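Letter by letter, the chains look like this.
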Amino acid sequence: MELKKDSNAVSIDMLLIVHSEKRRAAQGAHSDRQADLLPASAPPQRRGGLQGVGSGIRRWQKLERNDLHGNLVEKQHPQQTQVVTSYDNQGTQLTVEVHPRDAMPQLLKKFSLAKRLQGDKNGNTRPRQPGGKDAHAYPWDRSSLKSMALDLRQFEKLDTYASQVTVKSGLDALVSDLLQEAHSDLERVRAIWIWICHHIEYDIEAAQEKDRQAFKPTTILQTQKTNCDGYAGLFERMCRIAGVQCVTVPGYSKGFGYQPGQSFSGEFDHAWNAVFLEGRWHLVDSTWGSGLVDSTTSKFTFLYNEFYFLTHPALFIEDHFPDNKNWQLLKPPQSLRQFENNMYHKSEFYNKGMLSAHPQTSIIKTANGKVTVTIESCAPTLFMFMLNGKQEHGLLSLRKNGMKLDVYPPTVGTHKLQIFAKGNSEIYSSVLEYTLKCHYADIDVRLPAELHQPVGPSWFSEQMGITKPSHTEPVIYTSDGRCSVSFGVEEGVSVLASLHGDDGPVTEEAQRRYIFQLQREKRTELKVQLPHAGKFALKIFVKKRQEPGNYVFVFNYLLCCTNSKVNWPVFPESFGNWGQDNELLEPLSGVLPANHDVPFKLKLHGVAKALVKGQDTWPLTLNREGYWEGSCSTAGCQEVYVMVLENANHNFYSYILKYKVNAQ
């Protein structure tokens, strides 16, 4: 429309409605997944408590008017073009230009000067709003982590090239250099994404300072630092220069400092992007794709995360809730309440091949003092857990495609449960976090502190050379305090076992003396005697004989005995010459009574002679069944030895077993 007032009349041209969301979408806080920067005095609803994401986007738009390609222009004279932004009582934002009658509107100048900024190749300048064909089904169908079919191997050359491009001048030149190896819109977006994720670090100081213009392109290129607004704004600008439609999306995030079950209200705390490729909108978050901020040192570390590039919307919604439900790209869309209540699977959950977890709520109540968590994975995976920061009070058993974890909180109250997975890397990463609400603690289910993970045999123990175990379940119950466990052992593998309980034994020797190990062909048998009633961890270690180094822990069994009369002594001590396939029938107790005649019966292979030595020497004889038999008197001695002569032509006997004699 046109207003005539005097000879200095001006015209007012209404050019563009820039943003039509509720005003609260333009007043977010600057915190995001990378850093929880909430000052102690900040209002509780402001998770970051700093500068709003939405206001940051408006400032980016203001800078954009002055800096089309990252280069400053002169400030406009007051009598020349002016830009006015206002809101109605519903929070709708309206931007108009006021300019002299004969002057060309600045926004039109911008469009004419930057044809590459057109929304698509058909000349549409305003990005198309998401519609039905952009929506993906919810919940996730497990088909792919991505919103479009991708073979990441196709990007290997481009990724290497883009990560090595350096800034020579302005943003235009940078984008031009990045596009040298990009031949499609997908590759253009990929090159921009890789460059940002490998060159721009999260600026904690900028997030703390309200007025710092850390999202201005020239500033970002100079410092190579910014916050979430800057990441999203820079990504959008570079995509537009490359001729690809892209928008910045503000919203809530389950990022750094998020607590399971927390609610979201007030200002938005994060910003990300939607990019238009192959006729459909897709989601990216370059802030979270670039790295992490250490919560203890507040220092940023580049740690590239592929997960947040073209993430499947049904997975993206787990930690990103946009201001406009259409940008969820889901059918049906999720409500804020659903977003708050749904289980949050961290990106590493999917990066390491997890498919699902149960329960599907982040807050779990115990049932009879117990909580059970199961995870399904694409492939065999190693897991571990921590309850309140310690690897205690739980039984974690591995499955071929996942794991099962039973947790027994030791006290009534709230507990933090973290689950970690190893995947193909050598590092365990946090994949799940639960809050446990315990209203009843079962004091009878106290697990040994030395009970490590995993419990029970699995694909992993088989991989380490232990096969066909006699006990496939992780828990073994014994009424008399004794049990026998056997399993196959691959050739060239040595096995070591030890027994651990909170009430003893404590010494390394005692830990092994309650186990007597027998070799029978290709199977190992472990005879176990418990020193008293209670719960014990029977740990299994292996080592390849030809390789240097120590024995490696593989798994353990939980042994349970409630018989208060149990009081078994240790087994006799065995020495290195106790050969493979030897067998001890009696005496099994390593402590012999004083002043008694004690019978001996053993199966020994490759032996010419055998004897028992105490105060005197008693020979053993070989019977028809192949057992060496005899007896000895414990009178007048403190120790008794079983000795063997391996070669009849020699007269050197070797010690193979040692017994203690009770004091008189």
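Up top is the structure.
Quick caveat: nothing in here was measured; it's all calculated off a predicted structure.

Engineer: Which parts of the structure should I look at to understand the packing of helix α4 (residues 171–178) against helix α8 (residues 228–241)?
Structural biologist: Packed helix pairs are specified by the crossing angle of their axes together with the interaxial distance, meaning the distance between the axes. Viewed as axis vectors pointing N to C, α4 and α8 meet at an angle of 70°, and their least axial separation amounts to 10 Å. Here α4 is positioned roughly perpendicular relative to α8, judged by the angle of their axes. Considering the relative orientation of α4 and α8, their crossing is right-handed. Residues Leu171, Asp172, Leu174, Val175 and Leu178 of α4 touch α8, and the partners they reach there are Leu234, Arg237, Met238 and Ile241.

Engineer: Explanation requested: the sheet that holds strand β22 (residues 429–438) in the structure shown.
Structural biologist: Picture the strands of a sheet paired through backbone hydrogen bonds; they go either parallel or antiparallel. Spatially, 4 strands are ordered β16-β22-β21-β18 in an open sheet, and the strand pairing comes out mixed. The open sheet terminates on both sides in strands that have one partner only, identified here as β16 (363–365) and β18 (383–387). Strand-to-strand twist of the sheet, defined as the mean angle between neighbouring strand axes without regard to direction, takes the value 30°.

Engineer: I keep staring at the packing of aromatic side chains and nothing clicks. Help me out?
Structural biologist: Describing an aromatic ring pair means giving the distance of the ring centres and the angle of the ring planes. Inspection of every chain in the model, using the stated rule, returns 26 aromatic pairs. Summarising the aromatic geometry, the rings of Phe264 and Phe339 are spaced 5.3 Å apart at their centres and angled 50° between planes, so their arrangement reads as tilted. Pair noted here: Phe264 is in the loop between β7 (246–253) and β8 (270–277) and Phe339 is in helix α11 (residues 336–341), with a separation of 75 residues, a long-range link. For the pair shown, Phe264 and Phe339 are each scored as buried. With 5.0 Å between their ring centres and 80° between their planes, Phe349 and Tyr350 make a pair best called edge-to-face. We classify Tyr350 as buried; its relative accessible area is 5%.

Engineer: What is the right way to read the state of the cysteines from this model?
Structural biologist: What we call a disulfide is simply a covalent bond connecting the sulfur atoms of a pair of cysteines. For the structure on display, the rule yields 0 disulfides. Between Cys637, a free cysteine, and Cys632, which holds the nearest cysteine sulfur, the sulfur-to-sulfur gap is 6.6 Å.

Engineer: In this structure, what is going on with helix α3 (residues 156–164)? I would like to understand it.
Structural biologist: For α3, every residue scored as buried is listed here: Leu158, Asp159 and Ala162. Seen from one end, α3 has its buried residues packed into an arc of 100°, which puts them on one side. Every exposed residue of α3 that faces more than 90 degrees away from the buried side is listed here: Lys157 and Gln164.

Engineer: Would you explain the pairing of strand β28 (residues 523–529) in this entry?
Structural biologist: The side chains of a regular strand alternate, residue by residue, between the two faces of the sheet. Burial within β28 is extensive, with 5 of its 7 residues counted as buried. Two strands pair when backbone bridges link them, and strand β25 (residues 482–489) and β28 are joined in this way by 7 bridges, in the antiparallel orientation. Pairing of Ser486 across the sheet is with Glu525, part of β28. Bridge count for strand β27 (residues 515–520) against β28 is 6 bridges, and the pairing is antiparallel. Counted as the bridge partner of Arg520 is Arg523 from β28.

Engineer: It is not clear to me how the nonpolar core should be interpreted in this structure. Could you clarify?
Structural biologist: Inside soluble globular proteins, nonpolar side chains tend to come together where they are buried. Counting 118 residues, the largest nonpolar core has Trp195, Met238, Leu417, Ile419, Tyr434, Leu538 and Leu559 as the members making the most contacts within it. Among all residues touching Leu538, those that are not within four sequence positions of it are Val485, Ala497, Ser498, Leu499, Ile515, Val528, Phe555, Asn556, Tyr557 and Leu559. With 25 residues, the next largest nonpolar core counts Phe571, Leu584, Cys632 and Tyr659 among its residues.

Calculation rules
Residues numbered from 1 in each chain as written. Predicted model: local features only at pLDDT ≥ 70, side-chain atom pairs only at ≥ 80, totals over all residues. Heavy atoms only, no water. Axes fitted to C-alpha atoms, helices over the stretch in contact; angles between N-to-C directions. Helix = DSSP H or I, 4+ residues; strand = E, 2+ residues; numbered from the N terminus. Parallel < 35°, antiparallel > 145°, perpendicular 65-115°, else oblique. Left-handed = near helix turned anticlockwise from the far one by under 90°. Contact = heavy atoms within 4.5 Å. Pairing = 2+ DSSP bridges. Phe/Tyr/Trp six-rings, centres within 6.5 Å; stacked < 30°, edge-to-face > 60°. Buried < 20%, exposed > 50% of the residue type's maximum accessible area, 1.4 Å probe, protein only. Disulfide = S-S within 2.5 Å. Arc of directions from axis to C-beta. Core = buried A, V, L, I, M, F, W, Y, C linked by side-chain atoms within 4.5 Å.

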